[in-house]
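Close look at the chain arrangement
Here's the letter readout for the chains.
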Amino acid sequence: MTNEKMIKGNPVGWFDIYVANLEKAKEFYEQVFEVQLIELPIEWGKQALFPFNPQSPNISGAIVEKQGWEPGPSNTIVYFETEDCSLLEAKIENAGGKVIQPKMNIGEFGFVSIFLDSEGNTLGLHSRN
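1. Description of the overall build of the protein chain
Broken down by element type, the protein chain carries 3 helices and 8 strands. Within the protein chain, the fraction of its 129 residues that count as buried is 38%. For the protein chain, the exposed surface amounts to about 8,000 Å²; the carbon and sulfur share of it is 53%.

2. Remarks on the sheet that holds strand 3 (residues 46-49)
Sheet strands associate in pairs through backbone hydrogen bonding, adopting either a parallel or an antiparallel arrangement. If you walk across this open sheet you meet the 4 strands as 1-4-3-2, and the pairing is mixed. Strand pairing shows two members of the sheet lacking a second neighbour, strand 1 (14-18) and strand 2 (38-39), which therefore form its edges. Looking at chain direction, strand 2 and strand 3 are connected through 2 bridges and run antiparallel. Bridge pairing in strand 3 places Glu39 opposite Ala48. On top of the sheet, helix 2 (residues 22-33) reaches strand 1, strand 2, strand 3 and strand 4 (60-65); it is set at about 145 degrees to strand 4, its chief contact.

3. Description of unusual backbone geometry
Positive phi, close to 55 degrees, is recorded for Glu34, a residue that is not glycine. As for its position among the elements, Glu34 is in the loop between helix 2 and strand 2.

4. Here we look at the confidence of the model for the protein chain
Looking at the protein chain, the pLDDT average stands at 84 and 88% of residues meet or exceed 70. Confidence drops under pLDDT 50 across residues 1-7; counting only partners more than four residues distant or on other chains, this segment forms 7 contacts.

5. What about the pattern of salt bridges?
For the coordinates displayed, the defined rule picks out 5 salt bridges. Among the salt bridges present, the one from Lys46 reaches Glu65, with a minimum N-O distance of 3.6 Å. Highlighted residues: Lys46 in strand 3 and Glu65 in strand 4, separated in sequence by 19 residues. The exposure class of Glu65 is partly exposed, given its relative accessible area of 24%. Through salt bridges with shared partners, a single ionic network connects Lys26, Glu30 and Glu39.

6. Digging into the pairing of strand 4
Among the 6 residues in strand 4, 5 count as buried, and that is most of the element. Of the strand pairs in this sheet, strand 1 and strand 4 are connected by 5 bridges, and their pairing is parallel. In the sheet register, Tyr18 faces strand 4, and the bridge partner there is Val64. Pairing analysis gives 4 bridges linking strand 3 to strand 4, with the strands arranged antiparallel.

7. Let's talk about the nonpolar core
Grouped burial of nonpolar side chains is what soluble globular proteins tend to show. Core analysis: the biggest nonpolar cluster contains 23 residues, and Ile17, Tyr29, Ile63, Phe80 and Leu125 have the highest contact counts within it. Breaking this core down by element, the ones donating at least two residues are strand 1, helix 2, helix 3 (85-94) and strand 8 (122-127). Top element by residues in this core is helix 2. It accounts for 6 residues. Ignoring any residue separated from it by four or fewer positions in sequence, one finds Phe80 in contact with Phe15, Ile17, Tyr29, Phe33, Phe50, Leu123, Gly124, Leu125 and His126.

About the criteria used
Residues numbered from 1 in each chain as written. Predicted model: local features only at pLDDT ≥ 70, side-chain atom pairs only at ≥ 80, totals over all residues. Heavy atoms only, no water. Helix = DSSP H or I, 4+ residues; strand = E, 2+ residues; numbered from the N terminus. Buried < 20%, exposed > 50% of the residue type's maximum accessible area, 1.4 Å probe, protein only. Areas by Shrake-Rupley, 256 points an atom, 1.4 Å probe, with all protein chains shown as cover. Pairing = 2+ DSSP bridges. Contact = heavy atoms within 4.5 Å. Axes fitted to C-alpha atoms, helices over the stretch in contact; angles between N-to-C directions. pLDDT = per-residue confidence, 0-100. Salt bridge = Lys/Arg side-chain N within 4 Å of Asp/Glu carboxyl O. Core = buried A, V, L, I, M, F, W, Y, C linked by side-chain atoms within 4.5 Å.

Quick look at the structure:
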């Protein structure tokens with residue numbers, strides 16, 4: 001796949017990360033990514049939104065606490081963009097997560113790390129450096 005094909009658009013438009021404890025998960029993501037999640041109206045269910053700019057090509061999503069939707073290691077992996085995967089690996093461990101695949105070269109597409117969040121969800125990091 002060439003970079004030209006990737007530029008046409010990001011097919012990912014949103015993500016939900018299911019959690020068993022919204023407050024614990026919110027603390028984890030705020031600590032690791034140094035952002036403040038926005039709690040959405042309770043009538044939409046217990047969830048907190050990652051900050052985003054509607055004019056940006058990047059996507060956003062939420063952590064969601066919902067009966068019957070359980071976190072787990074076999075879910076779809078969402079990759080968070082970062083300047084350098086290795087810089088966040090220590091933060092992940094300190095925030096109660098676990099790095100299960102340290103920074104790995106994926107050729108012309110950069111680098112990835114795979115980790116478990118505080119709820120046991122499998123997620124990834126992606127960087128060009």
